[in-house]
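What follows is each chain in one-letter form.
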Amino acid sequence: MKKKYIIAFDQGTTSTRAIIFDNKGTIKNIAQKELTQYYPEHGWVEHDPIEIFESQEATFKEVIAFASIGIDEIAAIGITNQRETTVVWDKNTGKPIYNAIVWLDKRTNTICENLKSQGLENYVSKNTGLIIDSYFSGTKVKWILDNVEGALAKAQQGDLLFGTIDTWLIWKFTKGKIHATDHSNASRTLLYNILDLKWDKTMLDALNIPKSMLPVVQHSASVFGTIAIDGYHIPISGVAGDQQAALFGQGGHKSGVAKNTYGTGCFLLMNIGKKPFVSKNGLLTTLCASLPGSSIKYALEGSIFAGGASIQWLRDKLNLIEKAKETEAICNTTNSTDDLYVVPAFAGLGAPHWDMDAKGAIYGLTLDSGKNDIIKATVDALAYQTRDVLEAMIEESSTQIRTLKVDGGATANNYIMQFQSDLLNVVVDRPKMLEVTALGAAFLAGIQAGLWNKKDISKIREIDTLFSPQISENERNKKYRGWKNAVARTKSTTAPFPSTKK
Ligand code: ADP
């Protein structure tokens, strides 16, 4: 039987999925299970690692059973995962010693303050590409070792293992044979040196984490063991964290390619090529999904806290719309009021402003301003915030981009896509298949398995619509000046500016 299918495991924050792709990159079948969220204390978020594994195993079996394909037709498996979420388990019993601490969890803020007071901020940005923040895995590992009885001693005896979700799934699926991760996931731990591509001794010492806990780091497209099913052994041959997988799925193995995912928040990544550098604007430097035989590539990453979330705010708090998709027709039929701006700093202002004390604001209201104007200004803010981040990336990396590749729920809105293109003066490229994260993992696995080569990605990724800029330079500048002015007025007075700190 010809091996022509790839299965992508897409283990996300709210759900676990398995997706079958055929050799043309078309989805053959999807299986999905929701994931239980635990909030034991304010600011804490946990998952059950056993539930994560079992939901992945169940979706894997289900997706094959209902696709009517033979197991012998599956060439390989790719894994993409929620990044930074941390599991520590006992290698002898195979049991986690604590729940998975999710990336969103803030319990390690004090550990982060401690690292800062040791003067490690510059070291961290230079060597890990990150900032000292509770998001990343390192402080979560330390918390588990410090707070689970006997954990530190066990770790020092070499009995405990650490992994992000990819590593945990690989270890479980290979029945404890393989303890490994890929470059893209390792670069989110705060423990990995992105310059010399090794676990970083200074960070391990600062957090008192024994090196024996850490997985082997491999290329994203390489074999991470095999999964046994019905007498067959299917290789896991591609692994990448969700955002880097999405960049890869968008053709982002090439320098200068940028993608934006418009979800609840927005995630922008831009491949900046072979040379890393430290951002002055608090952008992160991270490792792209890696291929054996190709040089390691770096990406700049910036996120927008309130992306689609501000559309939900219009719907759920202001009751101005019933469904997100209504905003498209409203924006298309409402004349632009040049002076009205909504700055959705609901959770502070992120990159490149970094003002966590800022609160949201509306500027430019007159007696003529109606609900549709407010809706339009809120929608526009997705595009303005994207320009803020992308402009910082372009300026810092001296890399020009001609196209912005897009994915995520809000890309369904043609108005936003057109306005984004107008505002950036670049082409916005929306692919037909928006499951680019899973596709990225499938590409990595399929390339390693010999089903595809790098060049096939651009052939398989089909364009749905290209949005080209349609407004004048004058108009673009005027609108963006107005936005910058509104942002400047939204900043809290205490905010340092410019700042590299959160
Ligand atoms: P996530 O993966 O973060 O849950 P999705 O990629 O599913 O997000 O996108 C959902 C977000 O996109 C929601 O915040 C929603 O408000 C927004 N959204 C969905 N459709 C539209 C639309 N047509 N116009 C504007 N925003 C939209």
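Given the structure is predicted, the values throughout are model-derived calculations rather than measurements.

Peer 1: Looking at this model, I keep getting lost on the site of the ligand. Mind explaining?
Peer 2: Close to the ligand lie 14 residues, the nearest being T264, G308, Q312, G409 and N413. The separation between an oxygen atom of the ligand and a polar main-chain atom of G308 is 3.1 Å. Q312 places a polar side-chain atom, nitrogen or oxygen, 2.4 Å from an oxygen atom of the ligand. In the complex, the protein chains occlude 66% of the 580 Å² of accessible area that the ligand would expose alone. The element contributing the most residues to the shell around the ligand is helix α10 (residues 308-316), with four residues. Of the residues that constitute the shell around the ligand, the class distribution is five nonpolar, eight polar and one charged.

Peer 1: It is not clear to me how the pairing of strand β2 (residues 15-22) should be interpreted in this structure. Could you clarify?
Peer 2: Regular strands place side chains that alternate from one sheet face to the opposite one. Across the eight residues that make up β2, a large majority, eight, are buried. Across the two faces of β2 the burial is the same, with S15, R17, I19 and F21 and T16, A18, I20 and D22 all buried. In this structure, strand β1 (residues 5-11) lies alongside β2, joined through seven bridges in antiparallel fashion. Paired with Q11 across the bridge in β2 is T16. Turn length for the β1-β2 hairpin, with the two strands adjacent in sequence and antiparallel, is three residues. Across seven bridges, β2 lies against strand β3 (residues 27-34) in antiparallel orientation. Bridge pairing in β3 links F21 to I27. Linkage of β2 to β3, two consecutive antiparallel strands, is achieved through a turn of four residues, within which G25 is found at a positive phi near 80°.

Peer 1: I would appreciate a short explanation of the sheet that holds strand β23 (residues 463-467) in the present structure.
Peer 2: The mixed open sheet is built from seven strands, whose spatial order is β17-β18-β16-β15-β21-β22-β23. Each of the sheet's edge strands pairs with one partner strand only, and the pair in question is β17 (284-287) and β23. On average, each strand axis in the sheet is inclined to that of its neighbour by 25°, with strand direction left out of account. The sheet contact formed by strand β22 (residues 427-431) and β23 spans four bridges and is antiparallel. Each residue of the ladder has a partner; that of P431, found in β23, is I463. Sheet strands touched by helix α9 (residues 242-249): β15 (258-262), β16 (266-273), β17 and β18 (298-304). Its angle to β16, the strand with the most contacts, is close to 65°. Running at roughly 150° to β22, helix α13 (residues 414-424) makes contact with β15, β21 (403-407), β22 and β23 of the sheet.

Rules behind the numbers
Residues numbered from 1 in each chain as written. Predicted model: local features only at pLDDT ≥ 70, side-chain atom pairs only at ≥ 80, totals over all residues. Heavy atoms only, no water. Near = heavy atom within 4 Å. Polar contact = N/O pair within 3.5 Å; in protein donor to acceptor, adjacent residues only side chain to side chain. Areas by Shrake-Rupley, 256 points an atom, 1.4 Å probe, with all protein chains shown as cover. Helix = DSSP H or I, 4+ residues; strand = E, 2+ residues; numbered from the N terminus. Nonpolar A, V, L, I, M, F, W, Y, C, P; charged D, E, K, R; others polar. Buried < 20%, exposed > 50% of the residue type's maximum accessible area, 1.4 Å probe, protein only. Pairing = 2+ DSSP bridges. Axes fitted to C-alpha atoms, helices over the stretch in contact; angles between N-to-C directions. Contact = heavy atoms within 4.5 Å.

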